Amino acid sequence: MPSLRLAQLTLWAVYALVVAVHLGALLTESSLTQRVTQPLFAPLLIAILLVSAPSRHRTTVLLTAGLFFAWLGDTMPPFLPQMLRPAAVVLFLVALILYCLALLPLWARNREPLRLALAIPYAGVVIGLFVACADGAGEMTPLVAAYATVLATMAFLSSGGNGMTWMGGTLFLLSSSLLAMDWFLPGAAIMYSTVWVMLTYALGQALLVAGMLRIIPSREHTMQPVGAELVIVEG
């Protein structure tokens, strides 16, 4: 279906444009543009999912739900009082749990040895980062520990899909690690860290979705062609 393919390509192009504008806004410190563009990431990926895959497929439902919670995490913080800002971590934690549920069946039946070997050190990275950030986390330590555990699990499970899901999980891990350094280890932050956080976050989620779309049956294969029922009746 050429029109369906065109819609997919158009949505991916719009997503790339929005991400580029957001990164430019970070570099130019345009806070209004940042606030407008970041909440568009997840809805565009949801639109790509719904255009490309069957809406009732288990993986589609889990990914859409995960992206919805990621959208809440992207959107809500500016409207919350400072004391409720950790709620954004909870929203992303729920998103990660849903991603894990979507990836688990794929990992169980497609455990490619090389990707698994490369994914195992993720646990060490997350543990080391958590130990380094524990003092700075303060009262958020239990929440940060839960987030770190689920994050490492998601990155590990992403190795069981394909190269794109694995790279998406790795970039998501990198994004959250850089963000944790910004929040809890200010002295260790790198130059333009916010730009790197958002770049790896946007690419990570996009690659995760793109990789899953290579596994989920496409809408072209699930939509019955016009006239198929007539052929069956006549036969």
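Residues numbered from 1 in each chain as written. Predicted model: local features only at pLDDT ≥ 70, side-chain atom pairs only at ≥ 80, totals over all residues. Heavy atoms only, no water.

## Observations concerning the overall build of the protein
Piece 1. Of the regular secondary structure elements, the protein holds 12 helices and 0 strands.
Piece 2. Traced from its N-terminal end to its C-terminal end, the protein shows the element sequence α-α-α-α-α-α-α-α-α-α-α-α.
Piece 3. Classification of the 235 residues of the protein by burial places 45% in the buried group.
Piece 4. Sequence separation of at least 24 residues holds for 76% of the intrachain contacts in the protein that already meet a minimum separation of 6.
Piece 5. Accessible surface for the protein amounts to roughly 12300 Å². Of this, 72% is attributable to carbon and sulfur atoms. (Helix = DSSP H or I, 4+ residues; strand = E, 2+ residues; numbered from the N terminus. Buried < 20%, exposed > 50% of the residue type's maximum accessible area, 1.4 Å probe, protein only. Contact = heavy atoms within 4.5 Å. Areas by Shrake-Rupley, 256 points an atom, 1.4 Å probe, with all protein chains shown as cover.)

## Brief notes about the packing of aromatic side chains
Piece 1. Enumeration over the complete set of coordinates arrives at 9 aromatic pairs.
Piece 2. Each ring, one from Phe 41 and one from Tyr 201, has its centre 6.5 Å from the other, and the planes form 40 degrees; the classification is tilted. Highlighted residues: Phe 41 in helix H3 (residues 41–52) and Tyr 201 in helix H10 (residues 193–213), separated in sequence by 160 residues. Tyr 201 matches Phe 41 in its accessibility class, with the two residues each being buried.
Piece 3. Seen in terms of ring centroids, Phe 172 and Tyr 201 are 5.7 Å apart; in terms of plane orientation they differ by 70 degrees. Their pairing is edge-to-face. Residue Phe 172 is located in helix H9 (residues 163–184), and its partner Tyr 201 is located in helix H10; the two are separated by 29 residues in the primary sequence. With respect to burial, Phe 172 and Tyr 201 carry one shared label: buried.
Piece 4. Among the aromatic side chains, those forming a connected cluster through ring pairs are Trp 12, Tyr 15, Phe 41, Phe 92, Tyr 99, Phe 172 and Tyr 201. (Phe/Tyr/Trp six-rings, centres within 6.5 Å; stacked < 30°, edge-to-face > 60°.)

## Some thoughts on the side chain of Ser 159
Piece 1. Relative to the helices and strands, Ser 159 resides in the loop between helix H8 (141–157) and H9.
Piece 2. A relative accessible area of 0% places Ser 159 in the buried class.
Piece 3. In this structure the side chain of Ser 159 is engaged in a polar contact, spanning 2.6 Å, whose partner is the backbone oxygen of Phe 156. (Polar contact = N/O pair within 3.5 Å; in protein donor to acceptor, adjacent residues only side chain to side chain.)

## Quick word on unusual backbone geometry
Piece 1. For Glu 29, which is not a glycine, the phi torsion comes out positive at approximately 60 degrees.
Piece 2. We note that Tyr 192 has phi near 55 degrees; this positive angle belongs to a residue other than glycine.
Piece 3. Mapped onto the elements, Tyr 192 comes out in the loop between H9 and H10.
Piece 4. Relative accessible area serves as the criterion here: at 54%, Tyr 192 is assigned to the exposed category.

## Looking at a nonpolar patch on the surface
Piece 1. Nonpolar side chains collect at one region of the surface, where Leu 27, Ile 190, Met 191, Tyr 192 and Trp 196 lie side by side and expose about 600 Å² of accessible area between them.
Piece 2. Along the chain, the position of Leu 27 falls in helix H1 (residues 2–28). (Patch = residues over 30% accessible without salt bridge, like charges linked within 9 Å, V, L, I, M, F, W, Y side chains within 5 Å. Salt bridge = Lys/Arg side-chain N within 4 Å of Asp/Glu carboxyl O.)

## With respect to the packing of H3 against helix H4 (residues 58–75)
Piece 1. Across the interface, H3 lies against H4 with an axial gap of 9 Å and an inter-helix angle of 170 degrees. Judged on the interaxial angle alone, H4 and H3 are roughly antiparallel. In this structure, H3 meets H4 at a crossing whose hand is left-handed. Between H3 and H4, the residues in contact are Ala 42, Pro 43, Leu 45, Ile 46, Leu 49 and Leu 50 and Thr 60, Leu 63, Thr 64, Leu 67, Phe 68 and Trp 71, respectively.
Piece 2. Residues belonging to the contact of H3 with H4 are distributed by class as follows: 10 nonpolar, 2 polar and no charged. (Axes fitted to C-alpha atoms, helices over the stretch in contact; angles between N-to-C directions. Parallel < 35°, antiparallel > 145°, perpendicular 65-115°, else oblique. Left-handed = near helix turned anticlockwise from the far one by under 90°. Nonpolar A, V, L, I, M, F, W, Y, C, P; charged D, E, K, R; others polar.)

## Overview of H8
Piece 1. In this model H8 runs 24 Å from its N-terminal to its C-terminal C-alpha over 17 residues, within 8% of the 24 Å that 1.5 Å per residue would give.
Piece 2. What H8 keeps buried is the set Val 144, Tyr 147, Ala 148, Val 150, Leu 151, Ala 152, Met 154, Ala 155 and Leu 157. (Expected span 1.5 Å × (residues − 1).)

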